[in-house]
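Architecture and fold: a report
Residues per chain, in single letters:
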Amino acid sequence: LVRPKGYVARTCNDKPEYSFGIPTMDDGSIRKTLMSIAPIQARNYVIMEVRANLLKSERAELLARWTGAGFKITANVMMGDPPSRIKEHTHAILLKEKQAVSDADFKKKKDEEQKKREAAKKQKQLEKQRALVLKRQKKAAEKARKKLENERKRKEAEAKGEEFVEEEEPAEDDKEEEEKEEEEQPAAMDEEPPQVELSPEEKAQVYLKGSTKDLIDYAMNTSFPKFTIPTKDEGFDSVAFEWLKEAKCRAHLKDWVQAKKTTTRIEDLKPGDWFAEKSKDWQKILASWHAKSTSYKSGIAKKAAEKAAKQAKKVALKAQEERKKALEDKKAAAVAAEKAAAEKVAAAGKAAGEGEGEEVAAEAIPAKEAEPAEAKDAAMKEAEEEPEPEEDTSAFEKLDVYGVEEVLDALSGEPLFSRFGFEDWALMSLRAELHLLAYAFARDVDDPDRGGMHVDLVGFYYQKYFKRPLNHKLYGVDTVEELMVLLRDTIVVSRKDKVLEPQVPDNFESQGIFIMLTEEARRVRQRRVDLGDDTAKLRMQQAGINGVAPLGTRSLAPVNPKASGPGAWQQPKPGWNQW
């Protein structure tokens, strides 16, 4: 039958899709028909199905079709290290393929060098032709110059009455002297391509690896934990172990399955009740911490606003007093000047004897009644209240993180997470989530042979449990394993199997441990940054990380409500950084 894409194109070798474009073929009807007819035919059959032959339930279905039909049913088990003839056959094919690649490269190289020689030869011919044309042009120009010179000499001779004798030029052959071009001999190259040999890595390969898998990933991942070796008790007339003996075959399969479990994801795994309950509790307590952080920062902002208002009022009253004093001084100066002028006029009239004893009286200008001192003192007293004592911000940094009894009131109402930036909230949430994920995975799998969650599968299981992707690049790292380094106080990757190992017990009495771990990590990171270690800086992308920080959280370290200058905490504008 003609298959539109040919018989090479298929997704797997075990059960390749039909894709003939014929309904009765593509829906598997013809296979069922053949399986029904085959047992009544007296001939030998080999059933080559990898997955079905390794699953006990599938083997039972196959045996049921052939039992009682007069056939001897034999299970041939070929597992482990193959015999030398298989290895030699594999190496022969590998060597042939490698030689074919080498021959193709050799031919390609030879063709390229031939093209280069031909291009060089053509270029040389062009240069020779160009030189020949220039030579001819030069000769023609020289001939024309001599002709003009002879004509000039002839005219001069005729003018003098002398006879002009033209010099005879040597005869030139019409034919151009042809230069014999030496034929270039090609560079010495081996006519026969070099013979290749297998490398040590290739010699260690005992099976051929084709481009098409034996099983699709989903079929392999959902089936291999149930792979077993057939036994006579299942209904086989005999079980033949072709390569290794039975005991070694069973040990080989057990080791292979155990190693495969570590690096293969469980496609049909579902989160259990324990995870659902713990995850719900975590979300609830995280929301309460976010609310506390927002409330605390709002209180700091309110105090700062009140202090600024009082300071502004004090400055305004002081300016008002200064203006009032300046006005009173100006009026007093004017009154003094008028009084002095009046006294001067009176003195002048008396000296002149005017008015017979009358005195010139200067009318005193009544001064404005001064504002009661009590009103001034009350206003100034209200403005000049005693300044609030500066808080000792170093006291918080000196706190023993793991000695705090209540994370919401670590020091005089200040929560332990008061200095958190968005990076710290994000890493704290990720600590708790991966902690839950590691323990929930162990519970839901319930398989002692599976040592834990492999680091390469963290993204897959994170998506399955938390219903959102884990993009490690948003945390400023290139791999998930590098992300685990940021969280090594909570979870680490084992050196041997590369599986996650939680560092915090699953029955820890308080979730506040994640705040403590994050605050300690923040302090260590800040100290390293202060010492000039740029590698300690986090390069996280806030926009891409899911809601992990409360309203108004900023990435500032250290966060100091009383500090001023570069790096000090500032109240965010309304609507900034909405989470």
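On a predicted model such as this, the values are computed, not experimentally measured, just so you know. (Residues numbered from 1 in each chain as written. Predicted model: local features only at pLDDT ≥ 70, side-chain atom pairs only at ≥ 80, totals over all residues. Heavy atoms only, no water.)

**A short note on helix 4 (residues 56-66)**
We apply this condition: Here the term buried applies to any residue with accessible area under 20% of the maximum for its type, exposed to any over 50%, and partly exposed to those in between, with areas from a 1.4 Å probe on protein chains only. Put simply, DSSP H or I for four residues or longer makes a helix, DSSP E for two residues or longer makes a strand, and each gets a number counted from the N terminus. Directions are taken from the helix axis to each C-beta atom, and the arc is the one they span. Whether two residues are in contact is decided by their heavy atoms, any of which lying within 4.5 Å being enough.
Listing the buried residues of helix 4 in full gives Arg59, Leu62, Leu63 and Trp66. Along the axis of helix 4, the buried positions cluster into a sector of 100°, meaning they face one direction only. Across from the buried face of helix 4, at angles greater than 90 degrees, the exposed residues are Ser57, Glu61 and Ala64. Buried-residue contacts for helix 4 involve helix 2 (29-37) and helix 3 (50-54). One or two steps after helix 4, the chain reaches Gly68, where phi turns positive at roughly 85°.

**With respect to the pairing of strand 1 (residues 74-77)**
Note the following rule: DSSP-based pairing: two strands are paired if at least 2 bridges between them are found.
Side chains Ala75 and Val77 project from strand 1 onto a buried face, and the interleaved Thr74 and Asn76 project onto a face without burial. Across 4 bridges, strand 1 lies against strand 2 (residues 238-241) in parallel orientation. Note on strand 2: the bridge partner recorded for Ala75 is Val239.

**Quick look at the pattern of salt bridges**
Stated precisely, the cut-off is as follows: The working definition used for a salt bridge is a side-chain nitrogen of Lys or Arg within 4 Å of a carboxyl oxygen of Asp or Glu.
On inspection of all chains with the given rule, the structure shows 28 salt bridges. Taking the shortest distance from any N to any O, the salt bridge between Glu519 and Arg523 comes out at 2.8 Å. Taken together, the residues span about one helical turn, with Glu519 and Arg523 both in helix 15 (residues 513-530) at a distance of 4 residues. Judged on exposure class, the residue Glu519 and its partner Arg523 are both buried. Three or more residues are tied together by salt bridges with common partners; here these are Glu397, Glu414, Arg419, Glu519, Arg522 and Arg523.

**Comments concerning the packing of helix 12 (residues 422-445) against helix 15**
Between two packed helices, the angle of one axis relative to the other and the distance separating the axes together describe the packing. Which entries qualify depends on this criterion: To get an axis, fit a line to the C-alpha atoms, keeping to the stretch in contact for a helix; angles then go from 0 to 180 degrees between the N-to-C directions. Every angle not falling under 35 degrees, over 145, or within 65 to 115 is termed oblique; those three ranges are roughly parallel, roughly antiparallel and roughly perpendicular. Left-handed is the label given to a crossing in which the near helix is rotated counterclockwise from the far helix by less than a right angle, and right-handed is the label when the rotation is clockwise. Think of it as three bins: nonpolar holds Ala, Val, Leu, Ile, Met, Phe, Trp, Tyr, Cys and Pro, charged holds Asp, Glu, Lys and Arg, and polar takes everything else, Gly as well.
Between helix 12 and helix 15, the shortest axis-to-axis distance is 9 Å and the interhelical angle comes to 135°. Classified by the interaxial angle, the pair formed by helix 12 and helix 15 is oblique. Considering how the two elements wind past one another, helix 12 and helix 15 form a crossing that is right-handed. Between helix 12 and helix 15, the contacting residues are Asp424, Met428, Arg431, Ala432 and His435 on the first element and Phe514, Ile515, Leu517, Thr518, Ala521, Arg522 and Arg525 on the second. Within the contact of helix 12 with helix 15, the residues separate by chemical class into 6 nonpolar, 2 polar and 4 charged.

**Details of a nonpolar patch on the surface**
Stated formally: Only residues whose relative accessible area exceeds 30% and that form no salt bridge are eligible for patches; like-charged ones are grouped when within 9 Å, while nonpolar side chains (Val, Leu, Ile, Met, Phe, Trp, Tyr) are grouped when within 5 Å. In this description, accessible areas are obtained by the Shrake-Rupley approach with a 1.4 Å probe, and a residue is regarded as covered only by the protein chains that are shown.
On the surface, Leu1, Tyr7 and Ile22 cluster together to form a nonpolar patch covering roughly 330 Å² of accessible area. Within the secondary structure, Tyr7 is located in the segment before helix 1 (23-26).

**Digging into the packing of helix 9 (residues 273-351) against helix 12**
Packing of helix 9 against helix 12 leaves a shortest axis separation of 10 Å and a crossing angle of 170°. With respect to helix 12, the element helix 9 is oriented roughly antiparallel. For the pair formed by helix 9 and helix 12, the contact residues are Trp274, Phe275, Lys278, Ser279, Trp282, Leu286, Trp289, His290 and Ser293 on the first element and Trp425, Met428, Ser429, Ala432, Leu436, Tyr439, Ala440 and Arg443 on the second. Its residues placed into classes, the contact of helix 9 with helix 12 shows 11 nonpolar, 4 polar and 2 charged.

**Topic: unusual backbone geometry**
Backbone geometry follows two general trends: most residues other than glycine have a negative phi, and most peptide bonds adopt the trans configuration. In the Ramachandran plot, Ser412 falls in the positive-phi region, its phi being about 55° despite a non-glycine side chain. Assignment of secondary structure puts Ser412 in the loop between helix 11 (394-397) and helix 12. The class of Ser412 is exposed, set by a relative accessible area of 75%. Of note, the phi angle at Asp446 is positive, near 50°, even though the residue is not glycine. With respect to the element layout, Asp446 can be found in the loop between helix 12 and helix 13 (458-466). For Asp446, a relative accessible area of 64% gives the class exposed.

**Concerning helix 5 (residues 84-160)**
Each turn of an α-helix holds 3.6 residues, which means side chains three or four residues apart point in the same direction. Just so we agree on the cut-off: Expected span of a helix, by definition, is 1.5 Å for each gap between consecutive residues, and there is one gap fewer than residues.
Over its 77 residues, helix 5 extends 113 Å from the first C-alpha to the last, a length consistent with the 114 Å expected when each residue adds 1.5 Å. All buried positions along helix 5 are accounted for by Thr90, His91, Leu94, Gln99, Ser102, Phe106, Asn150 and Ala157. The inward-facing, buried residues of helix 5 abut helix 6 (200-203). Backbone geometry just after helix 5 places Gly161 at a positive phi near 80°.

**Some points on the layout of surface pockets**
As a reminder, the rule being used: Computed over the protein atoms alone on a 1 Å grid, cavities are sets of points where a 1.4 Å probe fits but cannot get out and pockets are open sets with protein on both sides within 12 Å along at least five of seven lines; a residue lines them when it has an atom within 4 Å of a point. Grid points are joined across faces, edges and corners, and a volume is the space filled by probe spheres set on the points.
Considering only enclosed or pocket space, the largest pocket measures out at about 2,200 Å³ in volume. Around the largest pocket, the lining comprises 47 residues; the ones closest to its centre are Met48, Glu49, Val50, Asn53 and Met78. At the level of secondary structure, the elements contributing two or more residues to the lining of the largest pocket comprise helix 3, helix 4, strand 1, helix 5, helix 7 (217-223) and helix 8 (246-263). Residues belonging to the lining of the largest pocket are distributed by class as follows: 27 nonpolar, 11 polar and 9 charged. Space inside the second largest pocket adds up to approximately 710 Å³. Around the second largest pocket sit 23 residues that line it, and Pro16, Tyr18, Arg31, Leu34 and Glu49 are the ones nearest its centre. Per-class residue counts for the lining of the second largest pocket are 16 nonpolar, no polar and 7 charged.

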